[in-house]
Number of protein chains: 2
Amino acid sequence: MATVESVKDLRTPALIIDLDKARRNAEGMLERFHNLGVQLRPHMKTHKTLECADIMTGGSRRCIVVSTLAEASFYADNGYDDILYAYPLPFDKVESCAELSERLSLFHVVVDNRLALQELKKRPLKQGKIWDTSGVELTGIYAHCGNTYACQGEEQIKAVARETTMITLQFMEKLKAAGIHGTKSSIGSTPSCSHPVPDMAMLSEVHPGNYIFYDVQQSLIGSCRLEDVAVRVLTRVIGHYPHRNQLLVDCGWAALTHDGGGRLPTGYAIIEGHPELKLLSMTQEHGRVEPISGKLDFKQFPLGSLLTLMPYHACATAMMHPVYFVHSKGKIIDTWKPTRGW
Amino acid sequence: MATVESVKDLRTPALIIDLDKARRNAEGMLERFHNLGVQLRPHMKTHKTLECADIMTGGSRRCIVVSTLAEASFYADNGYDDILYAYPLPFDKVESCAELSERLSLFHVVVDNRLALQELKKRPLKQGKIWDTSGVELTGIYAHCGNTYACQGEEQIKAVARETTMITLQFMEKLKAAGIHGTKSSIGSTPSCSHPVPDMAMLSEVHPGNYIFYDVQQSLIGSCRLEDVAVRVLTRVIGHYPHRNQLLVDCGWAALTHDGGGRLPTGYAIIEGHPELKLLSMTQEHGRVEPISGKLDFKQFPLGSLLTLMPYHACATAMMHPVYFVHSKGKIIDTWKPTRGW
């Protein structure tokens, strides 16, 4: 494909990222936790790119969370350090974790049972690293308040954030009572970190991720406004079917995913500027669009014309794309390539 | 990751393909339509690899269907020809289609309206190609009996196949009556081509695709037996949660997709050898497994042990993987890399 200057000229379907919005989302989060005196450790799983990681860490390239070893290696290979692999230690991956621990100045693994601790101890680290010399060191406690995803509105989010913070801090007290000092505490989730409660200042770290893009789901939870969503799937009208009162568009589940299950009043996505339309269903490469009620005015949507979809779940939609097109005010300024696999 | 010899040693989650089953599925389809005297034009969208294409075309590397221009270019770049792009011609892709038509000995596009025909005529072909010298030539009629996906069992499938064949052949008669001769006719869908009716011998071509892998959905429709399914996602137990009566596994929607919506009695997949288990829900990288009824015997599923998931929809699951691990009787013999994007 020839290089294009404007999003309007992109081959569709295409994932486009509004860089100004993504930066604003990232800077807002950095500022929020800078003000609270809490370390932000952003999660990479939503985007899996170097460019977003750079923006989210404010250029430090330190202190990130990853969800796969593929991400861990990708960031380690590209100069990132202080990486937390937020996953109950999988035994088949102990050797890879040990190698990353030896390569990096800090690589954190998560265990949630005694057997995992035994597996770690079976593989002592080289180069005088800590889990070589004194067994295994407990660095901190990692909790994810995934229950914020059932919230509606700021007050409900804050109640969950307050409860998670309280439980985490109570656990820290128990550790101290058992003679274990100096451990860190970290909680996560984009909703709670978008509306932090004052108690969160007592935590060491937070680890949200989705906020770089946000999405329709986050706007419904109350984490953001719809206008903060930085990611879209661009699609074109490729068919008029008056006998079905439907448009066909060139975005199927291969470009959007079935995530969200079509539960929105507008179906599987919000069609920007067209609250009267619904993305009813998709096959691999086709989407069926119809009006929520009444007859479709096909003249408004000529064959070849563009529609812009706001995804229900940005993590799932981004995962479907081997390249993201990055724009500022509609002008393409970059393409980003995420890492994939495990 | 070090090269491994056995599927048991793969880093999970991993997509594994049983080469013997895939070959058997492909050879069965080739034989079925060879016997009927009908050209098989296999669809590439399920796998998007060169290796499967080679098996499905019986080594001829001719006569395939693709769902994206990325696939079209991928196969054209690798010596494939006679490619049908089965998509209502998207106007932004006319130039790319023209280039493929000029490069290949045969590249077929699909139009379903007059405007698309006008768009084609605006871009005459070079090198004495047909849509250069005499406008546009109608090569054939392409119909997809997607309604077979609502069938249960061979008899229902055959009824749909018979109806689709009849309607298509009646349309051919109308073309002849209008003085248009020599056009081909092609119908598709894995269910109808897995159980062809004798009338299908009057068609020129068929274009199924999923049959190379098959999946749980196809077995429920009646296209295949469950033991014909050639694709699995391998996952490991990474957590025991007795208070929830659940296992945690390292396969989330990033490796399986939410496709199918969890509608199976066993949830989002069938866990091979464990009809008593259900894949209840998934996050991006985690799956929650619980017994369909009663208490889970955790001793049967030690941390680190393998489970094998049969996907509901192979096309959607394969799409999530940048590499497929190919085995024969559990021994890894190859890795295949699909093309992605549009």
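Everything discussed here concerns the structure shown above.
Right, let's walk through the structure included here. Small disclaimer: the values here were computed from a predicted structure and weren't measured.

A few words now on the overall build of chain A. The helix and strand tally for chain A stands at 11 helices and 16 strands. For chain A, whose C-alpha radius of gyration is 22 Å, the value lies close to the compact-globule estimate of 20 Å for 342 residues. Burial analysis of chain A (342 residues in total) assigns 59% to the buried set. Within chain A, contacts between residues separated by at least 24 positions form 65% of all contacts whose residues are at least 6 apart in sequence.

Residues and elements named next belong to chain B. When you line up the elements, I270 lands in strand β11 (residues 269-271). Separated by 157 residues in sequence, I270 and N113 place their C-alpha atoms 42 Å apart. Not counting the four nearest positions on each side in its chain, I270 is found in contact with V216, L226, L264, T308, L309 and M310.

Another aspect to go through is the interface of chain B and chain A. In this assembly, 45 residues from chain B lie in contact with 45 residues from chain A. Across the chain B to chain A interface the summed buried area is about 3,600 Å²; carbon plus sulfur atoms make up 59%. Between chain B and chain A we count six salt bridges in total. Residue B:K93 pairs with A:D250 through a salt bridge whose shortest N-O separation is 3.2 Å.

Moving on, we come to the pattern of salt bridges. Across all of its chains, the model carries 38 salt bridges over all chains by this definition. The shortest N-O distance in the salt bridge between A:R225 and A:E227 comes to 3.8 Å. Residue A:R225 is classed as partly exposed on the basis of its relative accessible area of 49%. In this structure, a network of salt bridges that share partners links the residues A:D92, A:K93, B:R236 and B:D250.

This paragraph deals with the relation of the copies chain B and chain A. One copy of the chain maps onto the second through a rotation around an axis plus a translation along that axis. Under the fitted operation, chain B is carried onto chain A by 0.0 Å of movement along the axis and a turn of 180 degrees, and the coordinates agree to an RMSD of 0.0 Å. The superposition of one copy onto the other is thereby described by a two-fold rotation axis. Judged by C-alpha distance, B:H258 is the residue of chain B that lies nearest the rotation axis, at 3.3 Å. With an isologous cut-off of 70% or more, the 100% of interface residues of chain B that recur at the interface of chain A puts this contact in the isologous class.

All names here are of chain A. Between T12 and the following residue, P13, the backbone shows a cis peptide bond with an omega angle of 0 degrees. Inspection of the secondary structure puts P13 in the segment before β1 (14-18). One non-glycine residue with positive phi stands out, namely K48, at about 60 degrees. Within the secondary structure, K48 is located in the loop between β2 (39-40) and α2 (50-56). For K48, a relative accessible area of 3% gives the class buried. Of note, K329 is a non-glycine position whose phi angle comes to about 55 degrees, a positive value.

Residues and elements named next belong to chain A. Taken N-terminus to C-terminus, the directions of helix α3 (residues 69-77) and helix α4 (residues 94-103) make an angle of 20 degrees; their axes are 11 Å apart at the nearest point. Relative to α4, the element α3 lies roughly parallel. Relative to α4, the crossing made by α3 is left-handed. Here α3 contributes L69, A72, S73, A76 and D77 to the contact with α4, which in turn contributes S96, C97, L100 and R103. The residue makeup of the contact of α3 with α4, split by class, is five nonpolar, two polar and two charged.

Residues and elements named next belong to chain B. The strand order across the open sheet formed by four strands is β2-β8-β7-β6, and the pairing between neighbours is parallel. Two strands bound the open sheet, and with one partner strand each, they are β2 (39-40) and β6 (140-143). Inspection of the sheet shows strand β7 (residues 184-187) paired to strand β8 (residues 205-206) by two bridges, in the parallel sense. Bridge pairing links S186 to E205 in β8. Against the sheet, helix α7 (residues 154-177) contacts β6 and β7, and its axis sits at roughly 160 degrees relative to β7.

Criteria and cut-off values
- Residues numbered from 1 in each chain as written.
- Chains lettered and ligands numbered in written order.
- Predicted model: local features only at pLDDT ≥ 70, side-chain atom pairs only at ≥ 80, totals over all residues.
- Heavy atoms only, no water.
- Helix = DSSP H or I, 4+ residues; strand = E, 2+ residues; numbered from the N terminus.
- Rg over C-alpha atoms; globule rule 2.2 N^0.38 Å.
- Buried < 20%, exposed > 50% of the residue type's maximum accessible area, 1.4 Å probe, protein only.
- Contact = heavy atoms within 4.5 Å.
- Buried area = accessible area lost by both parts, 1.4 Å probe.
- Salt bridge = Lys/Arg side-chain N within 4 Å of Asp/Glu carboxyl O.
- Least-squares fit on C-alpha atoms with pLDDT ≥ 70 in both.
- Axes fitted to C-alpha atoms, helices over the stretch in contact; angles between N-to-C directions.
- Parallel < 35°, antiparallel > 145°, perpendicular 65-115°, else oblique.
- Left-handed = near helix turned anticlockwise from the far one by under 90°.
- Nonpolar A, V, L, I, M, F, W, Y, C, P; charged D, E, K, R; others polar.
- Pairing = 2+ DSSP bridges.

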